[in-house]
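# Structural description and commentary
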Amino acid sequence: MKLKTIILLFCLSFLMIDVSISGERQGQINLKVNLNTPEITQPAKIWLPYPISNNEQLIEDIKIEGNFINSAIYKQPESGTLYFFAEWNKAEQEKRLEFMFKVRAKERIVRNLTDTGGDIPVEIMKYLQPDWWIPTDGEVAEIANGIQQGKSGILEKARAVYDWVIENTKRDPNVRGCGLGIVEVTLAKRSGKCADLSSVYVALARNIGVPAREVFGLRLGKKADQDITGDYHCWAEFYLPGTGWVPVDPADVRKIMLVDNLKLVDVKEIREYYFGGVDQYRMVLERGGRGIKLQASQESKPLNYLMYPYAEINGKALDYFDPENFRYSVHFKQL
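We now turn to the structure provided with this report. Since we're looking at a predicted model, the values are computed, not measured.

Here we come to the overall build of the protein chain. Each helix and strand counted, the protein chain has seven helices and 18 strands in total. For 335 residues, the compact-globule estimate of 2.2 N^0.38 gives 20 Å, and the C-alpha radius of gyration of the protein chain, at 20 Å, lies within 12% of that figure. Its C-alpha atoms give the protein chain principal-axis dimensions of about 65 × 45 × 35 Å. When each of the 335 residues of the protein chain is scored for burial, the buried share is 54%.

This paragraph deals with the pairing of strand β10 (residues 212–219). Within β10, eight of the eight residues are buried, which leaves the element mostly enclosed by the surrounding structure. As paired elements, β10 and strand β15 (residues 282–287) share five bridges and run antiparallel to each other. Bridge pairing in β15 places Arg-219 opposite Arg-282.

Turning our attention to the packing of aromatic side chains. Scanning the model with the defined rule gives 21 aromatic pairs in all. An angle of 75° between the planes, with centres 5.7 Å apart, marks the rings of Phe-99 and Phe-101 as edge-to-face. Considered together, Phe-99 and Phe-101 belong to a single accessibility category, that of buried residues. Among the aromatic residues, those joined into a cluster by ring pairs are Tyr-50, Phe-68, Phe-84, Trp-88, Phe-99 and Phe-101. The ring of Trp-245 carries Arg-213 above its face, with NZ or CZ at 3.8 Å from the centroid. Arg-282 extends its terminal NZ or CZ atom over the ring of Trp-235, reaching a point 4.7 Å from the ring centre.

Turning our attention to the pattern of salt bridges. The final tally for this structure, using the stated rule, is 19 salt bridges. Here Glu-24 ties to Arg-104 by a salt bridge, and the two come within 3.7 Å at their closest N and O atoms. With Glu-24 in strand β1 (residues 24–34) and Arg-104 in strand β6 (residues 96–106), this residue pair connects regions lying 80 residues apart in the sequence. Its relative accessible area of 28% is what places Arg-104 among the partly exposed residues. We note a salt bridge from Asp-163 to Arg-159, for which the minimum N-O separation is 3.0 Å. Placement of the pair is Asp-163 and Arg-159 together in helix α3 (residues 153–168), with a separation of four residues, close to one helical turn. As far as the burial class goes, Asp-163 and Arg-159 line up, both buried.

Another aspect to go through is the sheet that holds strand β16 (residues 310–313). For sheets, the rule is that strands pair by backbone hydrogen bonds, running either parallel or antiparallel. With antiparallel pairing, the five strands of this open sheet are ordered in space as β4-β5-β2-β16-β17. The two strands at the open ends of the sheet, each matched to only one other strand, are β4 (70–75) and β17 (316–317). Looking at chain direction, strand β2 (residues 44–49) and strand β5 (residues 82–88) are connected through six bridges and run antiparallel. Pairing of Lys-45 across the sheet is with Glu-87, part of β5.

Moving on to helix α2 (residues 139–147). Val-140, Ile-143, Ala-144 and Ile-147 are the residues of α2 that are buried. Seen from one end, α2 has its buried residues packed into an arc of 100°, which puts them on one side. For α2, the elements touching its buried residues are α3, α4 (183–189) and α5 (194–207).

The backbone of Asp-61 sits at a positive phi, close to 55°, despite the residue not being glycine. On the secondary structure map, Asp-61 appears in strand β3 (residues 57–66). Assessed through its relative accessible area of 45%, Asp-61 is described here as partly exposed.

Attention now moves to the sheet that holds β10. Strand order across the open sheet formed by four strands is β13-β12-β10-β15, with antiparallel pairing between neighbours. Because the sheet does not close on itself, it has two edges, and the strands there are β13 (244–248) and β15. Within this sheet the neighbouring strands show an average axis-to-axis angle of 40°, counted without direction. Relative to strand β12 (residues 232–240), α5 is tilted by about 15°, and along the sheet it contacts β10, β12 and β13.

Turning our eyes to something else, we now look at the state of the cysteines. Counted by the stated rule, this structure contains zero disulfides. Of all cysteine sulfurs, the one in Cys-194 lies closest to Cys-178, which takes part in no disulfide; the gap is 3.3 Å.

Once that is clear, we can look at α3. Here α3 is 16 residues long and its end C-alpha atoms lie 22 Å apart, about the 22 Å a rise of 1.5 Å per residue gives. The element α3 is extensively covered by neighbouring structure, given that 12 of its 16 residues are classed as buried. If you check which residues of α3 are buried, you get Ile-154, Leu-155, Lys-157, Ala-158, Arg-159, Ala-160, Val-161, Tyr-162, Asp-163, Trp-164, Val-165 and Ile-166.

How each quantity is defined
- Residues numbered from 1 in each chain as written.
- Predicted model: local features only at pLDDT ≥ 70, side-chain atom pairs only at ≥ 80, totals over all residues.
- Heavy atoms only, no water.
- Helix = DSSP H or I, 4+ residues; strand = E, 2+ residues; numbered from the N terminus.
- Rg over C-alpha atoms; globule rule 2.2 N^0.38 Å.
- Buried < 20%, exposed > 50% of the residue type's maximum accessible area, 1.4 Å probe, protein only.
- Pairing = 2+ DSSP bridges.
- Phe/Tyr/Trp six-rings, centres within 6.5 Å; stacked < 30°, edge-to-face > 60°.
- Lys NZ or Arg CZ within 6 Å of the ring centre and 35° of its normal.
- Salt bridge = Lys/Arg side-chain N within 4 Å of Asp/Glu carboxyl O.
- Arc of directions from axis to C-beta.
- Contact = heavy atoms within 4.5 Å.
- Axes fitted to C-alpha atoms, helices over the stretch in contact; angles between N-to-C directions.
- Disulfide = S-S within 2.5 Å.
- Expected span 1.5 Å × (residues − 1).

See the structure below:
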């Protein structure tokens, strides 16, 4: 048996064994922030995604501690995302915060998909609209026009876009974090990381009438006790009338191909799994929010997306891709 085939079968058996045994992952998340910078004597603010329970995950026992002087929970109007805000005055020499909660995440699988041809609900129509972050014109329109040739209905088109992204882009391990999700840049390079490839999926899907949005989340540890600071992850969803939101993750297909040195022919099973399925080792932080103007006096430009902790010191945004200068850590402990 070829080595690549053995590697693929090992990956799939690991995935499927986990699914068949439990189909969920449970643990404690501890996010710690210490704004230790040269400007530590200046006033500071921070915003964190505030995870919520839904059909796919249960969030319990949220505890937030620190020496901040003020805090609140806000809701982003367009996406419905909740986020926690805290601030420190300049007198505080050490600016600390710890965000703790329990999570139980389920594997998400939507199979036996059927396109009923039903109408798209009014509240979903906004996920067909372009904006600065998700353009549907220019090169996006040119590519999408080719993708939809011979395809009819939302399901066929959604699958065609998924296949195009897998077959025409690659994972770039040199991109910082999850990437910026700038569609035109990703298309020009035909490469990126999960935020980049997911944004391309959403833009192409919207152009041809498939409601779609990004999902911003965090991978849960597979070990009993694990640092997951570098394990933020993005994927996408499309809306199928009669079914609801369906997860897709072309970026993880390309990641597996890169890590295990596999070709397209080697990942047929994985490719099928991530069209309508995502594993239990991930939790959702927010869906569909881009270009966010945060409440409680965000002073810098609108935020690309709210997934990583976001902080400002004296009105200047810290780089959440640079943990050396913006100190935060995320830890997972199995329960």
